[in-house]
Amino acid sequence: MAVQEVGYALSSNDFLVYLDGMPTIRMNDLVISETGLRGWVNAVTADRVEVLLLDEGIVTPGQLFRRTNQNLSILLGQYLIGRVINPLGVPIDGKRMSMDVSTNVHSELDTAAPNIVMRKFITDQFVTGIALVDTLIPIAKGQRQLIVGDAHSGKSSFLIDLIVNQQTNPNTVCIYACVGKPVTQVRSIMDVLESTGAMKNTVVIATSSSDLPPLIYLAPQTAFTVAEYFQKNGKDVLVILDDLGVHAKIYREISLTANRSPGRESYPGDIFYQHSHLMERGGNFKLENGGGSITVLPVMELNLGDFSGYISTNLVGMTDGHLMFKANLRSQGRSPAIDTSISVSRVGRQTQNRMQNSLAQAIRSLLADAEELQTVSFFSAELPKETLLIIKRKQIVEELTRQESMTFLPISHQVFLLGLTFTEMFINQDISYVNRNKAVIIDLLKKDANLSTFADNLLTLKTIDDLTNALNQVVPHLLTICK
Amino acid sequence: MVSEELEWLNSYGVQFLNLFQKETFYQSFSQIDKMVSELQTLTIYLAFSANPESEKQIGSWLRDNLSTEIVMDVKLDPSLIGGCAFIWKGVYRDYSLRSKIQTNRAQILTSFKTFMAEKTK
């Protein structure tokens, strides 16, 4: 005799269905209707079961739903690398399924975050290859860093650069979760990653704005479940959630449809929990727990630069720092358009080596001094020599940190390049000279083995004076090459 | 109104019909609605279309053996092949021939193959 729990639809409202029956159903269990519509249990009350549909269709009262013996889970395995999947783990890139399923495992989407005993101190830097970030606002392996900024401020291109640059590190797996983006944007991201070869170590969890809200809502959970699989295999995983503002709106839509009490800006009371519950799945883990790390970059698009919104302040509160992107900086040609004065990394600095840290300290202090002096300089025709030097150095730093898209700079090259700010190399030249010769110096560092070794040795130095003295030895040689 | 329906209504007596006066009409219906919603439904799936006589037989058996406060819902599902299945308190129990075949699928296939092999000898 076959026994199966069933339930009848009492009522439905768009993607939400209330069922009567299913006496032992549990949260996150999957149910299926007679017409093949799948749904997952979002809430269970004394007299009804609340189900969110994952497929589009019409549900009429009295329609029969059967309990499947599955819960919300996906099939995990090495086959995911290079694939584009939906939040239920179904590949949507048109490629065939892998035949080797021997190592694949099922895992629930909504799991508890690893506890403190499973975690270890964050010690390693997550090298992005972008000088401005690695030097001034460094990200660590296992850190949660919010990417926040206006629309069209270069957030997406920065994130794609980040994924592309990870090709240099074979132990890194990137997971890009597209949360309710327009189909054309999802397609374009997939094409860029494919054409640059970045898909080799990337998994894309894609949901478009035309998908049902319950499916879009699951995208970040799937991203973390996939990330945990690779982390447990010792990989350093980068999770990008693009973006959580849309995720919050989707959750608001689900909650309001389900008659949950609206709170601030009509978001439900548990919106902070929803996001922090996700964020705490990131971290650096002990060898007993797989040994890998999960670095999380949630993205939040601001409305007209308003940083004080409910969701953005929530996200700032639950992450270890943020990179603030500004549309006006991008229109000035800054790339990446990060406002360093209001960006912060609370964990990354502890992972930098001493030389990097000293250099970052010097640059930060230089930028702060220059900011103050620049205002004064507008009112004075003649400025003291020292003031001019500081303003000039600030311009040099801005020019040196302006980085072309899809370029990777190793840490030693970053230190070499930014260290030149404090030498005589660019002081007596105009900014166009810096612009012209930046690429020449980078090229030289790549081709000249001796210079590259010299740059690597710079990382063993301690102070900014040591760095300046060392770089002054190669400045005459560089001046002969630069034009 | 057909005579059969009139007969059915009259069988409830005058006292019951007096509940549906102008003043008490809505209240009576909401009370009946509440009572009906509290009744348990037994859904029975049959492989054949049951005639009224069979339904009556099943109904009286249920009232005699289970409870008088029960709603019976008979549905047709030819894929059962034979036997029946029913839903009671949110649990579907399949006592059909289809279920038996599915459970003993391997055994049936083996027997069938053996039979075919012997026949082709």
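Now for a quick tour of the structure. All figures in this text were calculated on a predicted structure; none of them were measured in a lab.

Rules of the game
Numbering of residues starts from 1 in each chain and follows the order in which that chain's sequence is written. Each chain is given a letter, starting from A, and each ligand a number, starting from 1, according to the order in which they appear as written. The model is predicted, so local features are restricted to residues of pLDDT at least 70 and side-chain atom pairs to those at 80 or more, both for listing and for counting; the totals for chains, interfaces and linings are taken over all residues. In computing side-chain properties, one takes all heavy atoms of the structure into account and sets aside hydrogens as well as water. Helix and strand definitions here come from DSSP, where helices need a minimum of 4 consecutive H or I residues and strands a minimum of 2 consecutive E residues; each element is numbered from the N-terminal end. For this measure, only C-alpha atoms enter the radius of gyration; the expected value for a globule follows 2.2 Å times N^0.38, where N is the number of residues. Throughout, a residue-residue contact means that at least one pair of heavy atoms, one from each residue, lies within 4.5 Å. The rule is simple: take the accessible area with a 1.4 Å probe, protein chains only, and divide by the maximum for that residue type; under 20% is buried, over 50% is exposed, in between is partly exposed. For the accessible areas, the method is Shrake-Rupley and the probe is 1.4 Å, while residue cover comes only from the protein chains on display. In this tally Asp and Glu are treated as negative and Lys and Arg as positive; neither His nor the chain ends contributes. Note that the charge is assigned to NZ on lysines, CZ on arginines, CG on aspartates and CD on glutamates. Whenever two N or O atoms come within 3.5 Å, that pair is a polar contact, provided that in protein one can donate a hydrogen and the other can accept it, and provided that, for residues adjacent in sequence, both atoms are side-chain atoms. A pair of aromatic rings is counted whenever rings of Phe, Tyr or Trp (Trp by its six-membered ring) have centres within 6.5 Å, and the orientation is called stacked for planes under 30 degrees apart, edge-to-face for over 60 and tilted otherwise. Geometrically, a lysine NZ or arginine CZ counts as sitting over a ring once it is within 6 Å of the ring centre and also within 35 degrees of the ring normal. Here, a salt bridge means any side-chain nitrogen of Lys or Arg that lies within 4 Å of a carboxyl oxygen of Asp or Glu. Here the term charged refers only to Asp, Glu, Lys and Arg, the term nonpolar to Ala, Val, Leu, Ile, Met, Phe, Trp, Tyr, Cys and Pro, and the term polar to all other amino acids, Gly among them. The pairing criterion for strands is at least two bridges between them, as found by DSSP. The pocket and cavity definitions rest on a 1 Å grid over protein atoms only: a 1.4 Å probe that fits but cannot leave marks a cavity, an open set with protein on both sides within 12 Å along at least five of seven lines marks a pocket, and residues lining either have an atom within 4 Å of a point. Grid points are joined across faces, edges and corners, and a volume is the space filled by probe spheres set on the points. What counts as an axis is a line fitted to C-alpha atoms, over the stretch in contact for a helix, and the angles between N-to-C directions run from 0 to 180 degrees. Throughout, the term roughly parallel applies to angles under 35 degrees, roughly antiparallel to angles over 145, roughly perpendicular to angles from 65 to 115, and oblique to all others. A clockwise turn of the near helix away from the far one marks a right-handed crossing, whereas an anticlockwise turn of less than a right angle marks a left-handed crossing. Surface patches are defined over residues having more than 30% relative accessible area and no salt bridge, joining like charges when they lie within 9 Å and nonpolar side chains (Val, Leu, Ile, Met, Phe, Trp, Tyr) when within 5 Å. The nonpolar core is taken to be a set of buried Ala, Val, Leu, Ile, Met, Phe, Trp, Tyr and Cys residues, with the residues joined through side-chain atoms within 4.5 Å.

### Examining the overall build of chain A
Looking only at helices and strands, one finds 14 helices and 17 strands in chain A. Against the globule reference of 23 Å for 483 residues, chain A gives a C-alpha radius of gyration of 26 Å, in line with a compact fold. The principal-axis extents of the C-alpha atoms in chain A amount to approximately 90 × 50 × 40 Å. Long-range contacts, defined here as pairs at least 24 residues apart, represent 73% of the contacts in chain A between residues at least 6 apart.

### Looking at the overall build of chain B
Assigned secondary structure in chain B consists of 6 helices and 4 strands. Along its sequence from the N terminus, chain B presents helices and strands in the succession α-α-α-β-α-β-β-β-α-α. Taking 2.2 N^0.38 as the reference for a compact globule, 121 residues should give roughly 14 Å; the C-alpha atoms of chain B span a radius of gyration of 23 Å, well beyond that estimate. When each of the 121 residues of chain B is scored for burial, the buried share is 19%. The contacts of chain B with a sequence gap of at least 6 include a subset with a gap of at least 24, amounting to 55%. When the accessible surface of chain B is summed, it comes to about 9,600 Å², and 57% of that surface belongs to carbon and sulfur atoms. Across chain B, the centroid of the 13 positively charged side chains sits 15 Å from that of the 14 negatively charged ones.

### Looking at the side chain of Lys438(A)
Residue and element names in this part refer to chain A. The residue Lys438 is located in helix 12 (residues 431-447) in this model. Side-chain polar atoms of Lys438 contact the backbone oxygen of Arg402, separated by 2.5 Å. Once residues lying within four places of it in the same chain are set aside, the contact partners of Lys438 are Glu399, Leu400, Arg402 and Leu417.

### Thoughts on the packing of aromatic side chains
Counted according to the given criterion, the structure contains 16 aromatic pairs over all chains. Between Phe16(B) and Phe20(B), the aromatic rings sit 5.4 Å apart at their centres with planes inclined by 70°, giving edge-to-face as the arrangement. Since its relative accessible area comes to 24%, Phe20(B) is described here as partly exposed. Taking the ring centre of Tyr18(A) as reference, the NZ or CZ of Arg48(A) above it sits at 5.1 Å. One Lys or Arg, Arg66(A), reaches over the ring of Tyr92(B) and ends 4.5 Å from the middle of that ring.

### Some remarks on the interface of chain B and chain A
Interface size, as often reported, equals the accessible area lost upon joining of the parts. On the chain A side, the residues contacting the 12 residues of chain B number 13 residues. For the interface between chain B and chain A, the tally reads 0 salt bridges. For the pair chain B and chain A, the interface holds 3 residue pairs in polar contact (both at pLDDT 80 or more). Of all the elements in the fold, those that place two or more residues in the side of chain B that touches chain A are strand 1 (40-46) and strand 4 (91-96) of chain B. By residue number, the principal contributor to the side of chain B that touches chain A is strand 4 of chain B, which donates 5 residues. Of the residues contributing to the side of chain B that touches chain A, the split by class is 5 nonpolar, 3 polar and 4 charged. Of the strand pairs in this sheet, strand 1 (residues 2-13) of chain A and strand 4 of chain B are connected by 4 bridges, and their pairing is antiparallel.

### What to know about empty space enclosed by the protein
All names here are of chain A. What the rule picks out here adds up to 1 cavity of 30 Å³ or more. In this model, the largest cavity occupies a volume close to 40 Å³. Lining the largest cavity, in full, are Asp110, Tyr217, Gln221, His247, Gln274, His277 and Leu278. Broken down by secondary-structure element, the contributors of at least two residues to the lining of the largest cavity are helix 4 (213-232) and helix 6 (271-279). Element by element, the count of residues in the lining of the largest cavity is highest for helix 6, at 3 residues.

### Regarding helix 6 of chain A
Note on helix geometry: an α-helix contains 3.6 residues per turn, so any two residues three or four positions apart are oriented the same way. All names here are of chain A. Of all 9 residues in helix 6, 7 are buried, a share of seventy percent or more. Every buried residue of helix 6 is accounted for by Ile271, Gln274, His275, Ser276, His277, Leu278 and Met279. Buried residues belonging to helix 6 abut helix 4, strand 13 (236-242), helix 5 (244-257), strand 15 (293-301) and helix 7 (310-318).

### What to know about unusual backbone geometry
Residue and element names in this part refer to chain A. Note the cis peptide between Asp242 and Asp243, where omega equals -10°. Between Ser335 and the following residue, Pro336, the backbone shows a cis peptide bond with an omega angle of 0°. With respect to the secondary-structure elements, Pro336 resides in the loop between helix 8 (327-331) and strand 17 (344-345). The phi angle at Asn28 is positive, at roughly 70°, despite the residue not being glycine. Assignment of secondary structure puts Asn28 in the loop between strand 2 (16-21) and strand 3 (29-33). Although it is not a glycine, Ser266 sits at a positive phi angle of roughly 70°. Looking at where Ser266 falls in the secondary structure, it is placed in the loop between helix 5 and helix 6.

### Observations regarding the packing of helix 12 of chain A against helix 14 (residues 464-481) of chain A
Residue and element names in this part refer to chain A. Orientation of helix 12 relative to helix 14, taken along the N-to-C sense of each, is 110°, at an axis distance of 11 Å. By the criterion of interaxial angle, the relationship of helix 12 to helix 14 is roughly perpendicular. Read as a crossing pair, helix 12 and helix 14 show a hand that is right-handed. In this structure, helix 12 contributes Tyr433, Val440 and Leu444 to the contact, and helix 14 contributes His477, Leu478, Leu479 and Ile481.

### Focus on the side chain of Glu228(A)
With respect to the secondary-structure elements, Glu228(A) resides in helix 4. The buried category is assigned to Glu228(A), whose relative accessible area is 8%.

### Observations regarding a nonpolar patch on the surface
A contiguous nonpolar surface patch, about 340 Å² in accessible area, is contributed by Ile81(B), Leu97(B), Ile101(B) and Ile108(B). In this structure, Ile81(B) sits in the loop between strand 2 (70-76) and strand 3 (83-88).

### Let's talk about the nonpolar core
Residue and element names in this part refer to chain A. Core analysis: the biggest nonpolar cluster contains 72 residues, and Phe158, Leu323, Phe416, Leu420, Met425, Phe426 and Ile441 have the highest contact counts within it. Ignoring sequence-local partners within four residues, the contact set of Leu420 consists of Met425, Phe426, Ile441, Leu471, Val475 and Leu478. Leu52, Ile85, Phe230 and Val296 belong to the second-largest nonpolar core, a separate cluster that totals 58 residues.

### Here we look at the packing of helix 6 of chain A against helix 7 of chain A
Residues and elements named next belong to chain A. Where helix 6 meets helix 7, the closest approach of the two axes is 10 Å, and the angle between their N-to-C directions is 35°. As for how helix 6 packs across helix 7, the hand of that crossing is right-handed. Where helix 6 approaches helix 7, its residues Ile271, Phe272, His275, Ser276 and Met279 are matched on the opposing element by Tyr310, Ile311, Asn314, Leu315 and Met318. Partitioned by chemical class, the residues of the contact of helix 6 with helix 7 number 7 nonpolar, 3 polar and no charged.

### Focus on the environment of Phe158(A)
Residue and element names in this part refer to chain A. Among the structural elements, Phe158 can be located in helix 2 (residues 155-165). Judged by relative accessible area, Phe158 falls into the buried class, the value being 3%. Distance from Phe158 to Glu371, taken between C-alpha atoms, is 25 Å for residues 213 residues apart in sequence. Those residues in contact with Phe158 that lie beyond four places of it in its chain are Ile130, Val133, Ile147, Leu323, Phe325, Pro336 and Ile338.

Function cannot be read off these values alone, since they describe shape.
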